[in-house]
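Per-entry structural report
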Amino acid sequence: TPELMCLGEPLMEFNQQPDGSYRPGHGGDTSNCAIAAARQGARVGYLTRLGADVFGDGFMDLWSVEGVDTTTVRRDKKARTGIYFVTHGAEGHVFSYYRAGSASSLMTPDDLPVDALRATKILHVSGISQAISQSAADTVFAAIDVVREAGGRVSYDPNLRLALWPLDRARAVIHGAMARCDIALPGIDDAMQLTGLNDPDRIVDFYLSLGTGIVALTLGSDGALVATPDTRHRIPGRKVDAVDATGAGDTFDGAFLARLLAGNDPFEAAHYANVAAALSTQGFGAVAPMPRAADVEGVMCPR
Ligand code: KDG
């Protein structure tokens, strides 16, 4: 049975290449996190509603190859799998979504596999999981309650996407949910917009004040700031030749949660996840360039 369950929306990806063509791939923040964790050796399951279409079939194949359990994936014959395009400009990557009315956005609290949620050690969800529809937002709140009542922990990445919802609503829902979570995994740009704060230490204080016992604030190429209520460490960035940061935060999340489940403390886990996330920026796409445990260990402890 999975020790980590990720809940959200997978998105078929088309990623712009230097020659202008689009390379097919797979994205969707929580699916990315699930695959990143599985590549580090965690036992992972994915929970969603997925279109009964060719892109949905592609995800089923992908998760099977990656060792992600799909017992809790429900196929929907009437709705489609969402799509996004990644284009690259001077300011970095831009996402264009074709996902309104997608199968995942039709998820409801009645879909929840209560036994699987009760059995998991960590549930991972995100702001995107909640942004896609009101019923998806409700589904995430309900899943959080089930996991916490059963004694499991909940991890949350705000993953603010203002194309999906306005900032004030995003802030209310995300912080409402995070106040019921154990592990906060915000990225600095999202956290600055959501909290209105600029200083990483004050942002970390804010998330600790919501009651999350572990905060790992990712700082892009500057590494991460990791805190528990009594300890705090700055983890420096890793110099890499980055071509596409799509999915880097999700890779951090998945690797971090996998290392926590393997018994690391949050600081050890963040050191590892910081390397994994840096390596994931060296190729195009969210999933393809994600490192495996041996790749990360090779960088951390070169022979
Ligand atoms: O974090 C990367 C994701 O944002 C990407 O894979 C697409 O899930 C996605 C989204 O909704 O933006």
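Reading the values: rules and limits
- Residues numbered from 1 in each chain as written.
- Predicted model: local features only at pLDDT ≥ 70, side-chain atom pairs only at ≥ 80, totals over all residues.
- Heavy atoms only, no water.
- Pairing = 2+ DSSP bridges.
- Helix = DSSP H or I, 4+ residues; strand = E, 2+ residues; numbered from the N terminus.
- Contact = heavy atoms within 4.5 Å.
- Expected span 1.5 Å × (residues − 1).
- Buried < 20%, exposed > 50% of the residue type's maximum accessible area, 1.4 Å probe, protein only.
- Near = heavy atom within 4 Å.
- Polar contact = N/O pair within 3.5 Å; in protein donor to acceptor, adjacent residues only side chain to side chain.
- Areas by Shrake-Rupley, 256 points an atom, 1.4 Å probe, with all protein chains shown as cover.
- Nonpolar A, V, L, I, M, F, W, Y, C, P; charged D, E, K, R; others polar.

Quick notes on the sheet that holds strand β8 (residues 122-126)
With respect to topology, 9 strands assemble into an open sheet ordered β5-β4-β1-β8-β9-β10-β11-β12-β13, the strand pairing being mixed. Edge strands, defined here as strands with exactly one partner in the open sheet, are β5 (73-76) and β13 (232-235). As paired strands, β8 and strand β9 (residues 153-157) are joined by 5 bridges and run parallel to one another. Within β9, the residue paired with Ile122 across the bridge is Arg153.

What about the side chain of Arg161?
Mapped onto the secondary structure, Arg161 falls in the loop between β9 and α6 (167-178). Residues within four places of Arg161 in sequence aside, it is in contact with Phe95, Tyr97, Ile128 and Asp190.

A look at helix α10 (residues 266-279)
Spanning 14 residues, α10 covers 20 Å between terminal C-alpha atoms, matching the ideal 20 Å at 1.5 Å per step. For α10, a buried count of 12 out of 14 residues is recorded, marking the element as mostly surrounded by other parts of the structure. Turning to α10, its buried residues are Pro266, Phe267, Ala269, Ala270, Tyr272, Ala273, Asn274, Val275, Ala276, Ala277, Ala278 and Leu279. Buried residues belonging to α10 abut β11 (214-218), β12 (224-227), β13, α9 (248-261) and α11 (293-300).

Digging into the site of the ligand
The environment of the ligand is formed by 13 residues, the closest being Tyr84, Tyr97, Arg99, Arg161 and Asp250. Arg99 has a polar side-chain atom sitting 2.8 Å from an oxygen atom of the ligand. Interatomic distance of 2.7 Å between a side-chain N/O atom of Asp250 and an oxygen atom of the ligand. Compared with its free state, where it exposes 310 Å², the ligand has 97% of that area covered by protein. Of all the secondary structure elements, the ones that give two or more residues to the shell around the ligand are α1 (29-39) and β7 (92-98). Grouping the constituent residues of the shell around the ligand by class yields 5 nonpolar, 4 polar and 4 charged.

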